[in-house]
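Now for the letters of each chain:
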Amino acid sequence: MELWELGAWDIAHKVRAKEVSAQEVLESHLARISEIEPGLCAFLEVLEAEARIAASRVDAKIAGGEDPGILAGVPCAIKDNMNIKGTACTCGSKMLDGYISPYTATAIKRMSREGAVVTGKTNLDEFAMGSSTESSAYMVTRNPWDPDRVPGGSSGGSAAAVAAGLSTVALGSDTGGSIRQPASFTGIVGLKPTYGRVSRYGLVAFASSLDQIGPFGRDVRDVALLLEAISGLDTADSTSVERPVVPWSKRLERPLKGLRAGVPKELLGLSVDDGVRDAFYRALSHLADMGAVIEETSLPALRYALDAYYVIAPAEASSNLSRFDGVRYGLSTRGKALDDMYHATRAQGFGPEVRRRIMLGTFALSAGYYDAYYLRAAKTRTLIRRDFDEAFKVYDVLLSPATPTVAFRAGEESGDPMTKYLADAMTVSANLAGIPALSVPCGFARPSDAGLTGRDLPCGLQIMGKPFDEETVLAIGYAVEASVREEMEEKSGRMRRNLLLSKECERVD
Amino acid sequence: MTERAYDMTIGLEVHVELLTGSKMFCRCSTRFGDPPNTNVCPVCTGLPGALPVPNHEAVKLGLRAALGLGARINLRSGFDRKNYFYPDLPKGYQITQYRTPLAEDGFIEISEPPKRIRIQRIHLEEDTGKSIHAGDDITTAEYTLLDFNRCGVPLIEIVSEPDMSSPEEARQYLERLQRVLRFAGVSDVKMEEGSMRVDCNISVKPRGTAVSGKPVEIKNLSSFRAVVRALSYEFQRQARLLEEGKTVVRETRHWDEAKESTYPLRTKGSSQDYRYLPEPDLPDLVLEESFVEEVKRDMPRLPAEIVAYYTEKLGLPEYDAEVLTLDPNLSRFFDDCVERGADPKTAANWIMGDIMGYMNRQGLTYEKIPLSTENLVEMLGLLKSGVISGKIAKDVLVKVIETGKTPSEIVKEEGLTQVSDEGELLSIIQEVISANPGPVQDVKNGKEKAIGFLVGQVMKATRGRANPAKVNIMLKEKILS
Amino acid sequence: MKIDMKHIADLAKLRLSPGELESMERDLEMVLAHIERLAGIDLEGVEPTFGSREPAGVRLQQDDPKPGLSRACLLELAPSARDGHYVVPARESEGGR
Ligand SMILES: [Mg+2]
Ligand SMILES: [Zn+2]
């Protein structure tokens, strides 16, 4: 077995036990990257030199008898909307072409302190707005299961890198499903923590009241381990909460007897592909076999979640993205007067999807429409939250498919932007309610557009939990994982070993 | 022009910079006058990913202002974003308090005519950076230089109700407001340095009519004088328009100090739409009752309270008490003198007379009173014990101020000690008597007034050093016995 | 509903060509057609939710100045700088806040 095939848990233990050095682990990954990356396009930048320094530091610590941290020597890729001092942070946008960040995000500082080795910055939908990573201004990331398909988004680069074995774990950000959906599309595990659990300081804001940084890994334990490293109060983020960091990675095995899980019928009522639905029900029956009580339930307000989300997120985004004005950093197209500069810079710097959301959000906040759109959406959010509060009085967790479909084909354009937005239908409510939600692979499904020769693609199950109850969410995820472990390991191991992406992807520099 | 047939309604929006060490939402220094762009960080320059954290002291000072203005504190308020594009506003929005301000319903009393001006709201916000327009003025500049040192400095905005009906009332309101904020230690409130900025809203309507005029906003006012001038100008301009049967356009106008007139700043069709949004990066500002109590307890004394103390406890006339509370430094100076044993009325006279006179001549502000209370009290002691005369004391005071030496040092060095020695005085008195036979005869004839002239002659001969009371007695003795 | 696209684009400082405005309008109308469902929800007496419930009140930080970033470091990022300042084109005379 190659070092790049190991999980974070194993790497950290082997490195700490001096069975292998952080540098050896890193070199194995760098070699894997140089082999696979040209055809995968997961990384906007590979931070080779910086990674080598970080790995040698971990080794030096171990040699010096110091504690190297719980992620000792674990390679980690970072979605390129998080700041790392001295490196580029593009957010997948032309707007930030050439921008070099002068400071580091709290989550990355914490992870590095625990011995993680940052290997590079990964591709994303521009400013994290999208579900396919196609709206990146730089390149289109491929899904390692099928290069003609998208890895999901917006954290598609991070998901693809972990799924393809280019990185052991990765960080993404999730505003409406941007961790869970790509995790589902690439057959890995992704967690959106409770809002406030992980500091947002240094994460370029999309929608501040919904954004949350979270971990990707190839198994639940790795995700739990990375969560331990990045969680905790940060006084630099006023929305960060003071809650104990739990050793989640050691609390995964839990009897499911007596556990109550609800399945919101509003989510299953959405147009879910048959294959995905089948895989979901198979997972449910596994959980029932293990003693969990699973019932259909109703959270009526979830029917409006997508509508509320597509008002609130663009509204906040329109304000958050106002700082990209060509004055202090990034792209600046100068005209003869100030207004020319603003208009030209923003029209050139933002791609179509970002513009669309800025326009939508500006409209929803504008005089005469605030009450009808933004305020109504904010009130609807209260109803959604109430429904979750009520449901969690009865159930420990709520379950749904993570996505209505498996990975779709790249380049699919429908006339109606709302069709694309439907990809977030399962996931947005967790962001609106601020609750933790995990996507864990629960099997494979045949894409509806695959035809006869198409291969099965992974699909994920979503576990939503009570605020700050990541412990239960991860434990259920661990049980789901166990139920499909053999099939998953066999298929994804084979996928990675046989991965041969012939075509180089197009990159814009 | 029939100005008298029109009434004006004035409301003021005052922005005041708070006296904190660091900025509203980051830890950069608020120091004034540092080289451009040296007190800056990811937060106050709006770098992507940076987040705000409010300043404890700013909240405290905001509360003090609110308490000083008799306002009702909102124990739960919140922050909002005011969205607009301007190069000195790095995030593209200003963090302010829109839905619920820190405090509401305060007031300021003015005296002429006695009137209560209501304050609608007091809220916290952040200042913008500074734009320096390269060129003659805003309209001809080719480019703008930006300095973000001031960006993010904590402000309170104090919005009055439209309760003022003359430029003079506006001036009084501002003076009183300034005085309260200074005494409360909230701000140094200097219009010249921009730590106090005033926007005026004025509307004009024919007297006796119920229709309210359209408010015009005036900006760029850098002194109280400018406020008064601009309001007077605007009143006349609007009254003239109405007189001519024209309508007043609702707009923002800029005061041109040099031309003493206002001109419209914004005529573009698209009106402002700030698209206010609850600040998602900040939870509500929730104040503990105990925090408010603590601020109340630590509240410095305010002018009204001090005036009452001076008149009731120290027996000063109302006028003196008002003058001494023009400024906190001045009243602290006075308090210190009294504490060091000076007679309150004497100290008040000297401060209001010679000291303030000197400061006025020299153009000094109250920020730095040019002598120490020790020295003033020492001089008052020398005067009281008869070591120096009142006239000499006036000179000594100036010398103390100018040299920094103590009064005793100056008296000693310059030999200014009052002459009370009878032998020395006697010989001078003899000379004066022989030189002025006429007035001496008048004294003998019972003309009391003539004695004054003779005392004056003795004082002149001693260059003011003689003890006038003693000279008076000795002269009478000499002439009448 | 008719959206004043020109006005919204102006507020957002996005100069779009007539063609872009047109397709943008189509997109927004399609999205708004879905979102229109919000109008049908009974929200009588419901308080809005703008953010999370925790922390219940914002934490305040000490008023204690700390050095931030160096000017050189920041101005290096600037599209245009002069004499320690950022530089932007002047606004047109009829522009303004
Ligand atoms: Mg204001
Ligand atoms: Zn700062």
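Please read these numbers as outputs of a predicted model, since none were measured by experiment.

### A short note on the overall build of chain A
Looking only at helices and strands, one finds 16 helices and eleven strands in chain A. In terms of C-alpha radius of gyration, chain A reaches 21 Å, essentially the compact-globule figure of 23 Å for 509 residues. Projected onto the principal axes, the alpha-carbon positions of chain A cover approximately 65 × 50 × 50 Å. When the 509 residues of chain A are sorted by exposure, 70% land in the buried category. Taking the contacts inside chain A whose residues are at least 6 apart along the sequence as the reference set, 77% of them involve residues at least 24 apart. Where the 58 positive side-chain charges of chain A centre and where its 66 negative ones centre are 3 Å apart.

### Things to note about the coordination of the magnesium ion (ligand 1)
All names here are of chain B. Within the first shell, the magnesium ion (ligand 1) binds the protein through His15 (NE2), Glu125 (OE), Glu125 (OE) and Glu157 (OE), at distances of 1.9 to 2.8 Å. Read in sequence order, the donor residues for the magnesium ion (ligand 1) give the motif H-x109-E-x31-E. Remark: Glu157 occurs in strand S10 (residues 154–160) and His15 occurs in strand S1 (residues 6–17); sequence separation between them is 142 residues. Residue His15 shares its accessibility class with Glu157, and that shared class is buried.

### Here's the deal with the interface of chain B and chain C
Size of an interface, as often reported, equals the accessible area lost when the parts are brought together. At the junction of the two partners, chain B supplies 56 residues and chain C supplies 37 residues. For the pairing of chain B and chain C, the buried interface totals around 4,100 Å² over both sides, and the portion due to carbon and sulfur atoms is 59%. At the junction of chain B with chain C, the criterion picks out one salt bridge. A salt bridge links Asp64 of chain C to Arg27 of chain B; the nearest nitrogen and oxygen atoms lie 3.7 Å apart. Run the count over chain B and chain C and you get 18 residue pairs in polar contact (both at pLDDT 80 or more). Listing elements by their share of the side of chain B that touches chain C, those giving two or more residues are helix H1 (56–68), strand S9 (143–147) and strand S16 (285–286) of chain B. The element contributing the most residues to the side of chain B that touches chain C is S9 of chain B, with five residues. Grouping the constituent residues of the side of chain B that touches chain C by class yields 29 nonpolar, 15 polar and twelve charged.

### What about the packing of aromatic side chains?
Residues and elements named next belong to chain A. Summed over all chains, the structure comprises 26 aromatic pairs over all chains. With a centroid separation of 5.6 Å and an interplanar angle of 55°, the aromatic rings of Phe280 and Tyr281 are classed as tilted. Judged by its relative accessible area of 1%, Phe280 is buried. Among the aromatic residues, those joined into a cluster by ring pairs are Tyr99, Phe127, Phe324, Tyr329 and Phe350. Just above the ring of Trp4 sits the side chain of Arg32; from NZ or CZ to the centre is 3.7 Å.

### So, the domain arrangement of chain B
Residue and element names in this part refer to chain B. Each assigned domain of chain B is listed with its residue range as follows: domain 1 (3–290), domain 2 (300–414) and domain 3 (422–480). Computed from C-alpha atoms alone, the centre-to-centre distance between domain 1 and domain 2 is 36 Å. With eight residues of domain 1 at the contact, the number on the domain 2 side is twelve residues. Interface area, domain 1 with domain 2, both sides summed: about 890 Å², of which 65% is carbon and sulfur. Among the residues of domain 1 in contact with domain 2, Arg179, Arg182 and Phe183 are the three that bury the most area, contributing 69% of the side total. When the shortest N-O distance is used, the salt bridge between Asp327 and Arg182 registers 3.9 Å. On inspection of domain 1 and its partner domain 2, the count reaches two residue pairs in polar contact (both at pLDDT 80 or more). Top contributing element to the side of domain 1 that touches domain 2 by residue count: helix H2 (residues 167–183), with four residues. Grouping the constituent residues of the side of domain 1 that touches domain 2 by class yields three nonpolar, one polar and four charged.

### Digging into the interface of chain A and chain C
Between chain A and chain C, the residue contacts involve 69 residues of the former and 55 residues of the latter. Summed over both sides, the interface between chain A and chain C buries roughly 5,600 Å², with carbon and sulfur atoms accounting for 65% of that surface. The largest per-residue losses of area from chain A upon contact with chain C belong to His343, Met359 and Arg376 of chain A, which jointly make up 14% of the total buried on that side. At the junction of chain A and chain C, the tally comes to seven salt bridges. Ionic pairing is found between Glu20 of chain C and Arg355 of chain A, a salt bridge with its closest N-O pair at 3.1 Å. Inspection of the chain A/chain C interface yields 24 residue pairs in polar contact (both at pLDDT 80 or more). Of all the secondary structure elements, the ones that give two or more residues to the side of chain A that touches chain C are helix H10 (305–320), helix H11 (338–349), helix H12 (352–365), helix H13 (371–394) and helix H14 (417–421) of chain A. For the side of chain A that touches chain C, the residue count by class is 34 nonpolar, 14 polar and 21 charged.

### Re the side chain of Ser261 of chain B
The topology assignment puts Ser261 of chain B in strand S14 (residues 261–264). Among all residues touching Ser261 of chain B, those that are not within four sequence positions of it are Tyr233, His254, Trp255 and Asp256 of chain B.

### A few points about the environment of Ser160 of chain B
Residue and element names in this part refer to chain B. Checked against the element boundaries, Ser160 lands in strand S10. Sequence separation between Ser160 and Ser22 is 138 residues; the distance between their C-alpha atoms is 28 Å. Apart from residues no more than four positions distant in its own chain, Ser160 is found in contact with Gly11, Leu12, Ile117, Arg118, Ile119, Gln120 and Tyr173.

### A word on the coordination of the zinc ion (ligand 2)
Geometry reference: four tetrahedral donors at a metal, ideal angle 109.5 degrees. Six octahedral donors, ideal angles 90 or 180 degrees. Residue and element names in this part refer to chain B. Note on the zinc ion (ligand 2): its protein donors are Cys26 (SG), Cys28 (SG), Cys41 (SG) and Cys44 (SG). The metal-donor distances range over 2.3 Å. Of note is the zinc ion (ligand 2), whose four donor atoms meet at the metal with angles of 99 to 114° in an arrangement that counts as tetrahedral. Between consecutive donors of the zinc ion (ligand 2), the numbers of intervening residues give the motif C-x1-C-x12-C-x2-C. Here Cys26, found in the loop between S1 and H1, pairs with Cys44, found in the loop between S1 and H1; they are 18 residues apart in sequence, far enough to count as distant. Cys44 carries the same exposure label as Cys26, and that label is buried.

### Some details on the sheet that holds strand S5 (residues 189–192) of chain A
All names here are of chain A. The strand order S1-S3-S2-S4-S6-S5-S10-S11-S9-S7-S8 describes an open sheet built from eleven strands, whose pairing is mixed. Only two strands of the sheet have a single partner each, and these edge strands are strand S1 (43–46) and strand S8 (293–297). Put simply, the sheet's adjacent strands are angled 30° from each other on average, direction ignored. With five bridges joining them, strand S9 (residues 397–401) and strand S11 (residues 457–465) adopt antiparallel strand pairing. Looking at the pairing, Val397 lines up with Gly465 of S11. Of the strands in this sheet, strand S2 (75–79), strand S4 (169–174), S5, strand S6 (212–217) and strand S10 (437–445) are in contact with helix H7 (residues 220–230), which crosses S6 at around 145°.

Rules of the game
- Once a new chain begins, its residue numbering starts again from 1 and follows that chain's sequence as written.
- In the order they appear in the text, chains get letters beginning with A and ligands get numbers beginning with 1.
- A pLDDT threshold of at least 70 governs which residues receive local features in this predicted model, and a stricter bar of 80 or more applies before side-chain atom pairs are shown or counted, although totals over entire chains, interfaces and linings include all residues.
- The basis for every side-chain value is the complete set of non-hydrogen atoms in the structure, without hydrogens or water.
- Each helix corresponds to a stretch of at least 4 residues labelled H or I by DSSP, and each strand to a stretch of at least 2 residues labelled E; elements are numbered beginning at the N terminus.
- Based on C-alpha atoms, the radius of gyration is set beside the globule rule, defined as 2.2 Å times the residue count to the power 0.38.
- Whether a residue is buried, partly exposed or exposed follows from its accessible area with a 1.4 Å probe, protein chains only, as a fraction of its type maximum: under 20%, in between, or over 50%, in that order.
- Here, residues are in contact when the closest pair of their heavy atoms is within 4.5 Å.
- In this count, Lys and Arg are taken as positive residues and Asp and Glu as negative ones, while His and the chain termini are left out.
- In this description, the location of a charge corresponds to atom NZ of lysine, CZ of arginine, CG of aspartate or CD of glutamate.
- In this analysis a donor is any N, O or S atom within 2.8 Å of a metal ion (3.2 Å for sodium, potassium and calcium), and since water is not included, sites may seem incomplete.
- By buried area we mean how much accessible surface two parts lose on assembly, using a 1.4 Å probe and totalling the loss over both.
- Within this document, salt bridges are pairs made up of a side-chain nitrogen of Lys or Arg and a carboxyl oxygen of Asp or Glu, the two lying within 4 Å of each other.
- The term polar contact refers here to a pair of N or O atoms within 3.5 Å; inside protein, the definition further demands a hydrogen-donor-capable atom paired with an acceptor-capable atom, and it admits residues adjacent in sequence only when both atoms are side-chain atoms.
- All residues other than Ala, Val, Leu, Ile, Met, Phe, Trp, Tyr, Cys, Pro, Asp, Glu, Lys and Arg, Gly among them, are scored as polar; the first ten of these are nonpolar and the last four charged.
- Working definition: rings of Phe, Tyr and Trp (its six-membered ring) pair if their centres are within 6.5 Å, and the pair is stacked with planes under 30 degrees apart, edge-to-face with planes over 60 apart, and tilted otherwise.
- In this scheme, the term charge over a ring applies when either NZ of a lysine or CZ of an arginine sits within 6 Å of the ring centre and within 35 degrees of the ring normal.
- Throughout the structure description, domain borders are defined by an automatic or database domain assignment.
- Square planar and octahedral assignments, for four and six donors respectively, both demand that opposite donors be over 155 degrees apart and that all other angles lie between 65 and 115; tetrahedral needs four donors with all angles between 85 and 135 degrees, and anything else is irregular.
- Paired strands, as defined in this entry, are two strands with at least two bridges between them according to DSSP.
- To obtain an axis, a line is fitted to C-alpha atoms, over the contacting stretch when the element is a helix, and the angle between two such axes runs from 0 to 180 degrees between their N-to-C directions.

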